[in-house]
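# Structural description and commentary
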Amino acid sequence: NPGASKSLMLLQCLAHWIGQGVPCACLMLEFPAMQKRRVMAQLTGEANVTDDEWCQANPERVRELSAGLSGATADVCAAIEGLPDGTAPTADALALWIEAKCAQGARIIAIDPISWMQKGAQSWEDDARFLFRAKRAIEGARASLLLVNHIRTLPHGSKGQLALDDMCGGAAYRRFSQCVLFLTAHELRSGPVEEDAGVVEGDWTRTMLIAKSNFGAGQFHQYGFRFQ
């Protein structure tokens with residue numbers, strides 16, 4: 001849902017994977033420059049660097065933070081890009097970008113948000129064409145593709161079962177995906193949580209549901225996170 005911190009979670013994952021030496025590529029269709037500032041905020045712990053007014057009022061602090069950043073920050077920012085000026089986010093343009101990143105050796109490829117992909121009147125045809133090309137590219141390169149989507153509520157069918165056919169506007173995404181994660185933002189919750197050491201009391205402000213898992217035992221499990 002809006003404000004669930006989907007992009008922030010993706011950026012944190014990218015920083016982890018890149019820190020482990022995994023080649024990544026991320027196409028940010030919404031404000032790629034701001035996403036790089038978010039990376040800086042995450043890795044320095046100074047959230048104010050995403051605020052223009054604060055940066056203008058604290059130029060010395062900004063320079064200090066920039067000078068102290070490690071090479072990892074530059075590596076994460078280098079993996080984030082936007083579409084070239086004048087390029088519309090059509091199904092063919094996004095598929096071509098994925099194919100190019102596979103050819104360059106990216107192991108993990110992400111697009112955020114896929115809901116910005118432009119579609120014609122027969123939108124399901126655009127979805128199918130995009131996913132067919134993406135599937136062929138990532139399977140050939142043995143890569144993984146992450147697609148971030150906006151959706152306000154997790155859809156359920158008439159019998160209360162999860163209904164993922166409309167999660168990106170078409171059934172093709174449910175059929176193509178091997179794993180579906182649903183992240184929800186909410187007020188602070190507290191209660192018993194299961195950790196490696198056993199069941200303990202915990203609190204969390206984000207809940208992630210594994211709505212689909214083809215190759216794991218975690219389907220329908222829920223995980224709590226604290227957003228700080």
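Residues numbered from 1 in each chain as written. Predicted model: local features only at pLDDT ≥ 70, side-chain atom pairs only at ≥ 80, totals over all residues. Heavy atoms only, no water.

What follows is about the layout of surface pockets. Taken as a whole, the largest pocket holds about 1,200 Å³ of empty space. What lines the largest pocket is a set of 36 residues, and nearest its centre among them are L146, L147, C179, V180 and L181. When contributions to the lining of the largest pocket are tallied by element, the ones reaching two or more residues are α1 (6-19), α7 (123-141), β4 (144-147), α8 (171-176), β5 (179-195) and β6 (198-213). In the lining of the largest pocket, the residues fall into 25 nonpolar, 8 polar and 3 charged. (1 Å grid on protein atoms, 1.4 Å probe; cavity = no way out; pocket = protein on both sides within 12 Å on 5 of 7 lines; lining within 4 Å. Points joined across faces, edges and corners; volume = space filled by probe spheres on them. Helix = DSSP H or I, 4+ residues; strand = E, 2+ residues; numbered from the N terminus. Nonpolar A, V, L, I, M, F, W, Y, C, P; charged D, E, K, R; others polar.)

Time to look at α7. Here α7 contains 19 residues, and its C-alpha end-to-end distance of 27 Å stays within 8% of the 27 Å for a straight helix at 1.5 Å per residue. Among the residues of α7, those classed as buried are D126, D127, F130, L131, R133, A134, A137 and I138. For α7, the angular spread of the buried residues around the axis is 165°, confining them to a single face. In α7, those exposed residues whose orientation departs by more than 90 degrees from the buried face are W124, F132, E139 and G140. For α7, the elements touching its buried residues are α6 (91-103), β3 (108-112), β4 and α8. (Expected span 1.5 Å × (residues − 1). Buried < 20%, exposed > 50% of the residue type's maximum accessible area, 1.4 Å probe, protein only. Arc of directions from axis to C-beta. Contact = heavy atoms within 4.5 Å.)

With that settled, the discussion passes to unusual backbone geometry. With an omega of -10°, the peptide bond between D112 and P113 qualifies as cis. You can see P113 is positioned in the loop between β3 and α7. Phi is positive for S5, which is not a glycine, with a value near 75°. Along the polypeptide, S5 turns up in the segment before α1. With a phi angle near 75°, F220 is a residue other than glycine that sits in the positive phi range. Relative to the elements of secondary structure, F220 occurs in the loop between β6 and β7 (222-225).

Our focus in this paragraph is the side chain of D112. On the secondary structure map, D112 appears in strand β3. Despite its burial, D112 pairs with no opposite charge, the nearest such side chain being R38 at 6.6 Å. Of note is the side chain of D112, whose polar atom sits 2.5 Å from the side chain of S7. Look past the residues within four positions of D112 in its chain and what remains in contact with it is S7, L10, L27, M28, L29, E30 and V148. (Lys, Arg positive; Asp, Glu negative; His and termini not counted. Salt bridge = Lys/Arg side-chain N within 4 Å of Asp/Glu carboxyl O. Polar contact = N/O pair within 3.5 Å; in protein donor to acceptor, adjacent residues only side chain to side chain.)

What follows deals with the sheet that holds β6. Taken in spatial order, the 3 strands make up an open sheet running β5-β6-β7, and their pairing is antiparallel. Pairing within the sheet leaves two strands with one partner each, and these edge strands are β5 and β7. When strand polarity is set aside, the average angle formed by the axes of neighbouring strands in this sheet is 35°. Of the pairings in the sheet, the one linking β6 to β7 comprises 4 bridges and is antiparallel in character. By the bridge assignment, M208 is partnered in β7 with Y223. (Pairing = 2+ DSSP bridges. Axes fitted to C-alpha atoms, helices over the stretch in contact; angles between N-to-C directions.)

Let's shift gears to the nonpolar core. By size, the foremost hydrophobic cluster in this structure holds 31 residues, and its most contacted members are L94, I98, I109, I111, I114, F130 and Y173. Elements represented by at least two residues in this core include exactly β1 (24-28), α6, β3, α7, α8, β5 and β6. The residues touching Y173, leaving out its near neighbours within four places in the chain, are I114, M117, K119, D127, F130, L131, L147, M167 and C168. In this structure, L10, C77, I80 and V148 belong to the second largest nonpolar core, which totals 15 residues. (Core = buried A, V, L, I, M, F, W, Y, C linked by side-chain atoms within 4.5 Å.)

All quantities given are derived from atomic positions and should not be read as evidence of function.
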